[in-house]
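Chain by chain, the residues run as shown.
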Amino acid sequence: MSLLKIKQSYHWLGKNNCMKFKYLTTLILWIIAIAFGFSQSRFSKHQLESDLDNLYSVIYDIHPDMFAVMSKENFEKEFDKIKSNLKDSLTDFDFFVKVAPLIHDLEDGHTALRPPYYLLPPLETDIFLETFPFKLLMNPQDTSLIVMKDFSGIEPIIPDGSRITQINNYSDKEVISKLLKYVSGEKIAFRMIMFNNYFSIVPSVILPVICETSVFTINYNINCIEHLKTVKSIPANDIKEHFIPQEQSDMLGNQPNYRFEINKEHHTAIVRFDSFDLNNYLYTFLDSTFNVINEMNINNLIIDLRYNGGGNSRVGDEFFQYISKVPFEQYGKTYVKVSDVLKEWEPEEYGDKETSSIIIFEVDELTPLRENPLRYNGNTYLLTSTDTFSSATDFAWAFQYFKMGTIIGEETGGLIVCFGDMMGFNLDNTNLHFGVSFKKFYGYGATDENTHGVIPDINLPAEKAMEKAFELIKNNTL
């Protein structure tokens, strides 16, 4: 199918974008929602087959190694099975339910089929779906399923904080395994974080589909005592406002991506980057931050990337000019898949390249340190979590590889060797949004053996990382 049949919703995102992927995706989908209205349309079998063929065609044409994890034979076997089961009069949600698990089995966090716009914040549209009557939390630490809120009636049937051990004939681990197929990512823990933070209503809406019923027999544990209750599904529209409270939405919208503070008790500077957005403010922020650190003679710096989902890698390059003691580089080599879309968007660099070819960019020399009177020479601690992804992972790897300080927290959700720089599209008929990686990145000094996240020097739950950093600082000053 022609790439021209795909609606291109934005350029590309990932290692070199200047807006955080998850926020931009939500904004784009919200604009689409306004443009196309709030009703759920139904599509013919022919339309759905066309979207499915286009989806496969675009990923195949653009992705540098589509079958790195799942073989082409297995993918096409499942693809044909899905295609044969498509029927007339299905909605975009029906299509998403059938197709998303296959795309996410490719295990590329940047290549994904996104849920319909009305399942994403701010959830202000009418949702004509039945839903599991509880807000759920997936705990990445022990892969448990926790009830966060009960919407089944005026009085809660299952208390908040209860651990669900079984739903109908599925154990909690089986339920989680099935749900995680509806969000992309290389690591299970990262997928859980995405569900908890950004797609929180999706598990509840997907559960009736997984269980093939609107009646749920639930085994749960509270205070070490086992209980059993039976509940019915409820309209999703009745509970949507509970999945992103207005005050939380306002807080997220007004919160700056770069923050700096001085902890007077520990005489420590804390820089928190929630996104690697590249903008003019970055340079002012870094200069003023390290000017204060220099003037106050602060010898301990904590860099907090626990909530950073990525952005533009040039933010990391600029940051390293203030904290690195040696020349550095974030990437050793990059594989780029040349597609017709890439040639159209970047004609000067790729216009004369052969379609479907792979271009390899290798780094010949490290990025030199420029003269910088504000360069920091004290102790540096980097905090990471499962939520640390994409360019934030690349920053953490270079930080570790070039020995800039101590990393504390959890293994990053992003991998040291991974796919990235995502092109985004909308399918012709269902209008579902999807992204496709067109590059493969190798962190500097990494090989194909490094298909894991950045492993901290001190591995512990992310919520304890700041406390641990202060403990180390205190011990170093005694």
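Scoring rules and cut-offs
- Residues numbered from 1 in each chain as written.
- Predicted model: local features only at pLDDT ≥ 70, side-chain atom pairs only at ≥ 80, totals over all residues.
- Heavy atoms only, no water.
- Phe/Tyr/Trp six-rings, centres within 6.5 Å; stacked < 30°, edge-to-face > 60°.
- Helix = DSSP H or I, 4+ residues; strand = E, 2+ residues; numbered from the N terminus.
- Buried < 20%, exposed > 50% of the residue type's maximum accessible area, 1.4 Å probe, protein only.
- Salt bridge = Lys/Arg side-chain N within 4 Å of Asp/Glu carboxyl O.
- Pairing = 2+ DSSP bridges.
- Polar contact = N/O pair within 3.5 Å; in protein donor to acceptor, adjacent residues only side chain to side chain.
- Contact = heavy atoms within 4.5 Å.
- Axes fitted to C-alpha atoms, helices over the stretch in contact; angles between N-to-C directions.

Student: I keep staring at the packing of aromatic side chains and nothing clicks. Help me out?
Tutor: To describe a pair of aromatic rings, you give the distance between the ring centres and the angle between the ring planes. Under the definition given, this model contains 32 aromatic pairs. Ring centres of Y56 and F75 lie 5.0 Å apart, and the angle between their planes is 55 degrees; this geometry places the pair in the tilted category. Taken together, the residues Y56 in helix 2 (residues 45–62) and F75 in helix 3 (residues 72–84) connect sequence positions 19 residues apart. With relative accessibility at 12%, the residue Y56 sits in the buried group. On the basis of relative accessibility, which here comes to 1%, the residue F75 falls in the buried class. Judged by centre distance (5.6 Å) and plane angle (75 degrees), the rings of Y401 and Y444 are edge-to-face.

Student: Please clarify how the pattern of salt bridges should be interpreted in this entry.
Tutor: Note that side chains of opposite charge can pair when their charged atoms are close. Scanning all chains against the criterion turns up 16 salt bridges. For K45, the salt bridge goes to E49, with nearest N and O atoms at 3.3 Å. With K45 and E49 both in helix 2 and four residues apart, this pair spans about one turn of that helix. The exposure class of K45 is partly exposed, given its relative accessible area of 27%. By relative accessible area, E49 is classed as partly exposed at 21%. One salt bridge connects D274 with R272, and the closest N-O pair in it is separated by 2.8 Å. The class for R272 is partly exposed, based on a relative accessible area of 22%. Among the ionic contacts, a cluster of salt bridges with common partners joins D142, R163, D172 and K173.

Student: I keep staring at the pairing of strand 21 (residues 433–443) and nothing clicks. Help me out?
Tutor: For a regular strand, side-chain orientation follows a simple rule: the groups alternate between the two sheet faces. Across the 11 residues that make up strand 21, a large majority, 11, are buried. Bridge count between strand 4 (residues 112–113) and strand 21: two bridges; the pairing is antiparallel. By the bridge assignment for strand 21, L113 is matched with F434. Bridging between strand 16 (residues 331–337) and strand 21 involves five bridges; their strand directions are antiparallel. Paired with K333 across the two strands is Y442, which belongs to strand 21. From the end of strand 20 (residues 417–426) to the start of strand 21, which pair antiparallel, there are six residues, and N431 there has a positive phi angle of about 65 degrees.

Student: Just to check I follow, could you spell out the environment of N221 for this structure?
Tutor: Structurally, the position occupied by N221 is in strand 10 (residues 215–222). For the pair N221 and T165, spaced 56 residues apart in sequence, the C-alpha separation works out to 7.0 Å. Here the side chain of N221 touches E226 through a polar contact of 3.0 Å, side chain to side chain.

Student: Explain unusual backbone geometry to me, please; I cannot follow it from the model alone.
Tutor: Glycine aside, residues mostly have negative phi, and peptide bonds are mostly found in the trans state. Notably, N223 is not glycine yet its phi reads approximately 55 degrees, a positive angle. By the secondary structure assignment, N223 is in the loop between strand 10 and strand 11 (225–232). Look at N223 and you get exposed, because its relative accessible area is 67%. The phi angle at S356 is positive, at roughly 80 degrees, despite the residue not being glycine.

Student: What is the right way to look at the sheet that holds strand 14 (residues 268–273) in this model?
Tutor: By definition, the strands of a sheet pair up through backbone hydrogen bonds, in either a parallel or an antiparallel sense. Spatially, the six strands line up as an open sheet ordered 13-14-15-18-19-22, and their pairing is mixed. Of all strands in the sheet, those bounded by a partner on one side alone are strand 13 (258–263) and strand 22 (458–459). Here strand 15 (residues 300–304) runs beside strand 18 (residues 379–384); their pairing, made up of five bridges, is parallel. Looking at the pairing, L301 lines up with T380 of strand 18. Contacts from helix 9 (residues 280–295) reach strand 13, strand 14 and strand 15 within the one sheet, and its direction differs from that of strand 13 by about 10 degrees.

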